[in-house]
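Observations on chain architecture
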Amino acid sequence: MTTAQERSVPKVQFTDAEAGAKEFPDSNARRYNYFSSQKRRQTHYEDVTVEVQPDPRHYLSQGWIYGFADGSRGYPLTWTKLKAWGVDEPEPVRGVGTGGGGKDLVWPAHGWHEFRDPNEEWEMTLYRYGANVVRQVNQNIDNAREVKAFEQWNPNWVHFVAAHVGAWMHVEHVLGLYVFSHANRSGPTNMHNTAIAVNGMHKIRFAQDLALYNLTLTEEVDGFDGTAHLDAWNSDPIWQTTRRVVEGLTAIEDDWGESVFAANIVFEPLVGELFRSGLVQQCAAGNGDYVTPTVVGAGEFDYARRDLRMSIALFEPRVSDREFAEHNKEIMNGWLAKWVPQCLEAARALQPLWSQPDFKPPRFEDALDRAKNRFTGILSELGLEAPKELNQ
């Protein structure tokens with residue numbers, strides 16, 4: 001009988017250096033205290049969002065640990081022409097005895113740190129909200145299939161939904177993937193980048209809703225051409241001006257602020273809401289369709305109640321910034337002068353759509369006037385004046 005040779009295995013020695021071993025005054029605290037909450041009591045949203053993206057002006061003692069080929073590092077504050085108070089101040093002095101905090105370090109280090117998304121969006125809320133929207137939209141469509149509701153559509157409306165409602169999915173896809181999702185890496189804080197990323201996901205989900213709706217209608221409705229939206233977007237003169245503006249938004253270089261401002265403050269009220277609320281939702285019911293407004297309305301709610309609210313909270317503090325208010329107003333007025341004429345041209349190019357359904361919506365000029373008034377109201381909330389280009 002042989003005996004197994006005892007193997008030499010290093011013995012575990014506890015040194016009290018492992019994570020969580022050291023006790024300190026806040027060891028049992030359930031809230032973080034390295035930032036100041038916006039209200040008296042900090043929220044779960046702030047706990048999982050604030051300072052997730054570090055900043056050497058706060059607690060990043062070694063400075064940025066990566067950079068880019070042009071010499072910029074981390075999240076440069078120069079990636080937008082807008083400025084927040086304190087951004088021109090030098091980064092804190094690091095050195096022996098600073099405790100990793102730096103000399104004279106205060107929170108917030110600059111005005112960008114003050115931003116909070118009023119929707120308090122983060123990963124969990126995004127998934128929960130998106131799942132609820134998709135569930136509701138699918139239930140509406142499934143109910144319509146069960147009761148044969150699509151048989152009530154007249155031929156003109158079938159073509160209108162196939163070509164023009166379908167074309168709008170391209171707008172949402174481009175804005176979501178190439179404007180907002182592209183800009184979300186460029187913001188100065190995690191609060192900005194999370195809010196912009198959520199905005200992008202709203203757009204991408206809405207584009208997907210429209211695409212899946214298109215596939216359903218191809219199966220359910222006789223004569224529905226599921227590819228008609230491609231011809232409309234690629235070659236129909238009605239859509240080419242809108243397409244040019246949307247693709248122009250993707251071409252904005254090195255300014256995440258202009259991208260978000262031009263899309264949410266200018267394009268959406270003057271073109272997006274004009275098409276969705278001023279046309280589709282106004283005439284769908286009269287053409288026997290109660291389903292399309294529920295799909296389009298979900299995307300309209302994303303913008304009107306969430307993304308616009310976030311955008312106003314993002315830009316208004318810069319208009320009233322205690323150090324750079326006039327500078328920021330000049331920048332934003334320049335963006336208005338650049339994008340308002342283009343969006344008005346795109347809006348007017350859509351006018352022939354108002355005469356295509358059998359049951360007509362309210363007059364195009366009335367819808368455009370409402371869109372202009374809505375746009376003026378948004379500018380008023382921001383503290384900006386309507387540009388002269390709005391009178392074109």
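Residues numbered from 1 in each chain as written. Predicted model: local features only at pLDDT ≥ 70, side-chain atom pairs only at ≥ 80, totals over all residues. Heavy atoms only, no water.

What follows deals with the side chain of N264. Structurally, the position occupied by N264 is in helix α7 (residues 256–283). At a separation of 2.8 Å, a polar atom in the side chain of N264 contacts the side chain of S311. With residues up to four places along the chain from it excluded, the contact list for N264 reads F180, N199, P269, Y303, D307, L308, M310 and S311. (Helix = DSSP H or I, 4+ residues; strand = E, 2+ residues; numbered from the N terminus. Polar contact = N/O pair within 3.5 Å; in protein donor to acceptor, adjacent residues only side chain to side chain. Contact = heavy atoms within 4.5 Å.)

Before going further, it helps to spend a moment on the packing of helix α3 (residues 155–183) against α7. Contact geometry for α3 and α7: axes closest at 12 Å, N-to-C directions at 165 degrees. When the axis of α3 is compared with that of α7, the two are roughly antiparallel. The crossing of α3 and α7 is left-handed. Along the lines of polarity and charge, the residues of the contact of α3 with α7 split into 18 nonpolar, four polar and three charged. (Axes fitted to C-alpha atoms, helices over the stretch in contact; angles between N-to-C directions. Parallel < 35°, antiparallel > 145°, perpendicular 65-115°, else oblique. Left-handed = near helix turned anticlockwise from the far one by under 90°. Nonpolar A, V, L, I, M, F, W, Y, C, P; charged D, E, K, R; others polar.)

Attention now goes to unusual backbone geometry. Despite not being glycine, K148 shows a phi value in the positive range, around 60 degrees. With respect to the secondary-structure elements, K148 resides in the loop between α2 (123–146) and α3. Overall, the relative accessible area of 48% leaves K148 in the partly exposed class. With phi around 55 degrees, D254 is a residue other than glycine that occupies positive phi space. Take D254: it is sitting in the loop between α6 (237–250) and α7. (Buried < 20%, exposed > 50% of the residue type's maximum accessible area, 1.4 Å probe, protein only.)

What follows concerns the pattern of salt bridges. It is possible for side chains bearing opposite charge to pair when their charged atoms get close. Per the counting criterion, the structure on display carries 21 salt bridges. Its salt-bridge partner being R318, residue D321 comes within 2.9 Å of it at the nearest N-O pair. One exposure class covers both D321 and R318, and it is buried. Taken together, the shared-partner salt bridges connect E172, K203, E268, R276 and E300 into one network. (Salt bridge = Lys/Arg side-chain N within 4 Å of Asp/Glu carboxyl O.)

Turning our attention to the packing of aromatic side chains. In this structure the tally under the stated criterion is twelve aromatic pairs. A ring pair is formed by W168 and W239, whose centres lie 6.1 Å apart and whose planes are at 55 degrees; its orientation type is tilted. Taken together, the residues W168 in helix α3 and W239 in helix α6 connect sequence positions 71 residues apart. A single burial state applies to W168 and to W239, both of which are buried. (Phe/Tyr/Trp six-rings, centres within 6.5 Å; stacked < 30°, edge-to-face > 60°.)

With that settled, the discussion passes to the confidence of the model for the protein. Per-residue pLDDT for the protein has a mean of 89; in total, 89% of the residues score no lower than 70. Least confident of the elements in the protein is helix α1 (residues 44–49), whose mean pLDDT is 87; most confident is α6, at 98. (pLDDT = per-residue confidence, 0-100.)

In an α-helix, one turn spans 3.6 residues, which is why side chains three or four residues apart end up on the same side. Considered for burial, the residues of helix α5 (residues 228–235) that qualify are A228, H229, A232 and W233. Across the axial projection of α5, the buried residues extend over an arc of 125 degrees, all falling on one side. For α5, the elements touching its buried residues are α3, α4 (190–220) and α6. (Arc of directions from axis to C-beta.)

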